[in-house]
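Letter by letter, the chains look like this.
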Amino acid sequence: TLQAKMSRPVQARRLEGMDKNIWVEFVQLAATYSKVNLGQGFPDFPAPDFLTEALRRALGGGNHMLHQYTRAFGHPPLVKVLAQFFEKLLGRDLDPMTNVMVTVGAYQALFCCFQALVDEGDEVIIIEPFFDCYEPMVKMAGGTPVFVPLRPNPPKDGKLMSSADWQLDPAELASKFSERTKAIVLNSPNNPLGKVFSRGELGLIAELCVKHDVLCISDEVYEWLVYDGKQHIRIASLQGMWDRTVIIGSAGKTFSATGWKVGWAVGPDRLLQHLRTVHQNSVYHCATIAQEAVAQGFQRELMLYGKPESYFVQLPKELQQKRDWLVQSLDSVGMKPIIPEGTYFLVADISQFKSDVPDVPSSDEPYDSRFAKWMVKNKGLAAIPLSAFYSEAHKNNYTNFIRFCFAKEEATLKAASDILQKWKQEKTS
Ligand code: PMP
């Protein structure tokens, strides 16, 4: 009889070493053990009423065609309003049909970028720590990631560190650019640190991109979440950058509705035309009705632009309060926070809690990862180890930090704080 079992290898070579995923692992751990989940980045408060009402209107409004396919590269009302919005932000005319593409979350916009723009053997510069998917996405496209770190310069006056204290070394950054460099990935405001790159830092990156004729994949999903009056500067608006930059955004982050998975890419047609080729041959388009509702959300924001009622004005205000509350609370138990300038993440130093989770020197797993697992299992508090945001080669460089998400209801943050207070008391008693 014929053997039914296959003996040949089934896995495509491009998947080698990519089976592990931090989110799959830590989301599962949080689901199993956490009482309070400050791990994965999503709000536990409701999306704004105007957005959910827009979805309800789209459902009940009598346009049954909203349940059918729409234009592949973006539902027309959404690409139109995104073009209008970004015209304002970038100070240049945009064609909704060629300068904007709607994707299934920022995730798919990133995937389209790497598939469309990175070739076998191309190098792509990634700034560490980074949103973890950049590395496998570059590799799946046949490219080689080249890492350059943000280096911490702790303030000498005993003050808390800020995400601004994590900086690129200009010479080190310059040394990573070569003829093989095809692109650099920029993520400002940065997940996980919350760093908002300054004009000077962006200028340095832009200069190197122009000098070496390199593309910039600019992940700006946290563009509205910037605190203390800081400004988010779009690298595409710097000299020579529009033609070589793809801006990536997310309605999930922008409107506190991560489950909708609506994202976008904005850029010159000469780049976006290739993203469209990937998109039309893989995903084709994302849910029409979600795009319709997001379009209406943007219509509202366009009308209220810069006004106090604008969600893009209100959300960062509320989140800044949550940030300040969590900073204060972590500081009071000695889990020293690095104050983020943007995003809804905060990285904290776990050194003072290490005695409860002893090191296993021979372990291949970074200490912070074992710490985060121990913490969710034994204390019911979920967070993400900072090492998850480093390449394999550098994941042991910083193992004393974990990342919290503070886009949470007051009660959730309070519950997290209670766990830490109690833990601290148990330790010292
Ligand atoms: N980029 C960054 C930096 C992110 O943090 C995230 C979400 N955690 C994404 C992209 C993906 O966004 P989306 O949910 O819209 O796919």
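Fair warning: this is a prediction, and the values are worked out from it, not measured in the lab. (Residues numbered from 1 in each chain as written. Predicted model: local features only at pLDDT ≥ 70, side-chain atom pairs only at ≥ 80, totals over all residues. Heavy atoms only, no water.)

**Q** It is not clear to me how the pattern of salt bridges should be interpreted in this structure. Could you clarify?
**A** In a structure, side chains of opposite charge can pair up when their charged atoms sit close to one another. Counted by the stated rule, this structure contains 22 salt bridges. Between E220 and R234 there is a salt bridge, and its shortest N-O distance comes to 3.9 Å. Here E220 is found in the loop between β8 (215-219) and β9 (245-250), whereas its partner R234 is found in the loop between β8 and β9, with 14 residues between them in sequence. For the pair E220 and R234, a shared accessibility class is recorded, and that class is buried. A salt bridge links E301 to R300; its shortest N-O distance comes to 2.7 Å. Overall, E301 belongs to the buried group, its relative accessible area being 0%. (Salt bridge = Lys/Arg side-chain N within 4 Å of Asp/Glu carboxyl O. Helix = DSSP H or I, 4+ residues; strand = E, 2+ residues; numbered from the N terminus. Buried < 20%, exposed > 50% of the residue type's maximum accessible area, 1.4 Å probe, protein only.)

**Q** Is there a simple way to explain the packing of helix α3 (residues 76-90) against helix α10 (residues 288-303) in this structure?
**A** Helix-helix packing: each pair is described by the crossing angle between the helix axes and the interaxial distance. The N-to-C vectors of α3 and α10 enclose an angle of 30°; their axes lie 8 Å apart at closest approach. When the interaxial angle is binned, α3 and α10 end up roughly parallel. The hand of the α3/α10 crossing is left-handed. In contact with P77, L78, V81, L82, Q84, F85 and K88 of α3, α10 contributes Q291, E292, V294, A295, F298, Q299, E301 and L302. (Axes fitted to C-alpha atoms, helices over the stretch in contact; angles between N-to-C directions. Parallel < 35°, antiparallel > 145°, perpendicular 65-115°, else oblique. Left-handed = near helix turned anticlockwise from the far one by under 90°. Contact = heavy atoms within 4.5 Å.)

**Q** It is not clear to me how the layout of surface pockets should be interpreted in this structure. Could you clarify?
**A** If a probe the size of a water molecule is rolled over the atoms, the empty space left behind becomes visible. Here the largest pocket defines a volume of roughly 890 Å³. The wall of the largest pocket is formed by 30 residues, among which K20, N21, I22, A388 and E392 lie closest to the centre. For the lining of the largest pocket, the elements supplying multiple residues, two or more each, are α1 (22-33), α5 (134-140) and α12 (367-379). Per-element accounting of the lining of the largest pocket gives the leading share, five residues, to α5. Its residues placed into classes, the lining of the largest pocket shows 13 nonpolar, five polar and 12 charged. (1 Å grid on protein atoms, 1.4 Å probe; cavity = no way out; pocket = protein on both sides within 12 Å on 5 of 7 lines; lining within 4 Å. Points joined across faces, edges and corners; volume = space filled by probe spheres on them. Nonpolar A, V, L, I, M, F, W, Y, C, P; charged D, E, K, R; others polar.)

**Q** Explain the site of the ligand here, please?
**A** If you check the shell around the ligand, you find 13 residues, and the closest are A106, D219, Y222, S250 and K261. A106 is positioned with one of its backbone polar atoms (N or O) 2.8 Å from an oxygen atom of the ligand. Here an oxygen atom of the ligand sits 2.9 Å away from a polar atom, N or O, in the side chain of N191. Ranked by the residues each element gives to the shell around the ligand, the list is headed by helix α4 (residues 105-117), at three residues. Grouping the constituent residues of the shell around the ligand by class yields six nonpolar, four polar and three charged. (Near = heavy atom within 4 Å. Polar contact = N/O pair within 3.5 Å; in protein donor to acceptor, adjacent residues only side chain to side chain.)

**Q** Just to check I follow, could you spell out the sheet that holds strand β15 (residues 401-405) for this structure?
**A** Paired through backbone hydrogen bonds, the strands of a sheet run either parallel or antiparallel to each other. What the four strands build is an open sheet, ordered β11-β12-β15-β14; its pairing is antiparallel. The outermost strands of the open sheet, each flanked by one partner alone, are β11 (337-338) and β14 (384-385). Against the sheet, α12 touches β14 and β15, its axis set at about 50° to β15. (Pairing = 2+ DSSP bridges.)

**Q** So what exactly am I meant to see when it comes to the UniProt feature "domain: Aminotransferase class I/classII large" (unreviewed entry) in the protein chain here?
**A** Summarizing the sequence annotation, UniProt attributes the feature "domain: Aminotransferase class I/classII large" (unreviewed entry) to residues 35-416 in the numbering used throughout. End-to-end, the C-alpha atoms of residues 35-416 are 9 Å apart, and along that stretch the chain is 37% helix and 16% strand. (UniProt positions renumbered as here; feature names shortened; annotations may be inferred.)

**Q** Is there a simple way to explain the sheet that holds strand β3 (residues 123-128) in this structure?
**A** Taken in spatial order, the seven strands make up an open sheet running β2-β10-β9-β8-β7-β3-β4, and their pairing is mixed. Both outer strands of the open sheet, β2 (100-103) and β4 (144-149), are each paired with one neighbouring strand and no more. Each strand axis lies, on average, 20° off the axis of its neighbour in the sheet, ignoring direction. For β9 and strand β10 (residues 263-266), the ladder comprises four bridges, and the chain directions are antiparallel.

**Q** Would you mind showing me how to read the domain arrangement of the protein chain here?
**A** It is common to give the size of an interface as the accessible area that goes away when the parts come together. The assigned domain composition of the protein chain is domain 1 (13-46 + 311-428) and domain 2 (49-304). Relative to domain 2, the C-alpha centre of domain 1 lies at a distance of 24 Å. Taken together, the 42 residues of domain 1 in the interface contact 45 residues of domain 2. Contact between domain 1 and domain 2 buries roughly 3,700 Å² in total, counting both sides, with carbon and sulfur atoms accounting for 62%. Viewed at the interface, domain 2 and domain 1 are joined by two salt bridges. Residue R323 pairs with D228 through a salt bridge whose shortest N-O separation is 2.9 Å. On inspection of domain 1 and its partner domain 2, the count reaches 23 residue pairs in polar contact (both at pLDDT 80 or more). For the side of domain 1 that touches domain 2, the elements supplying multiple residues, two or more each, are α1, α11 (311-333), β11, β12 (345-349) and β15. In terms of residue count, α11 provides more of the side of domain 1 that touches domain 2 than any other element does, nine residues in total. (Domains from an automatic or database assignment. Buried area = accessible area lost by both parts, 1.4 Å probe.)

**Q** Is there a simple way to explain empty space enclosed by the protein in this structure?
**A** Inspection of every chain in the model, using the stated rule, returns one cavity of 30 Å³ or more. Roughly 60 Å³ of internal volume is contained in the largest cavity. Considering the residues around the largest cavity, the lining is formed by I127, P129, F130, F131, Y134, V185, L186, N187, N190, N191 and F197. At three residues, the largest contribution of residues to the lining of the largest cavity is made by strand β7 (residues 181-187).

**Q** So what exactly am I meant to see when it comes to the side chain of E123 here?
**A** When you line up the elements, E123 lands in strand β3. Accessibility expressed as a relative area gives 13% for E123, which makes it buried. A distance of 2.9 Å separates a polar atom in the side chain of E123 from a polar atom in the side chain of R180. Apart from residues lying up to four places away in sequence, E123 is in contact with T144, V146, K176, S178, R180, T181, K182 and A183.

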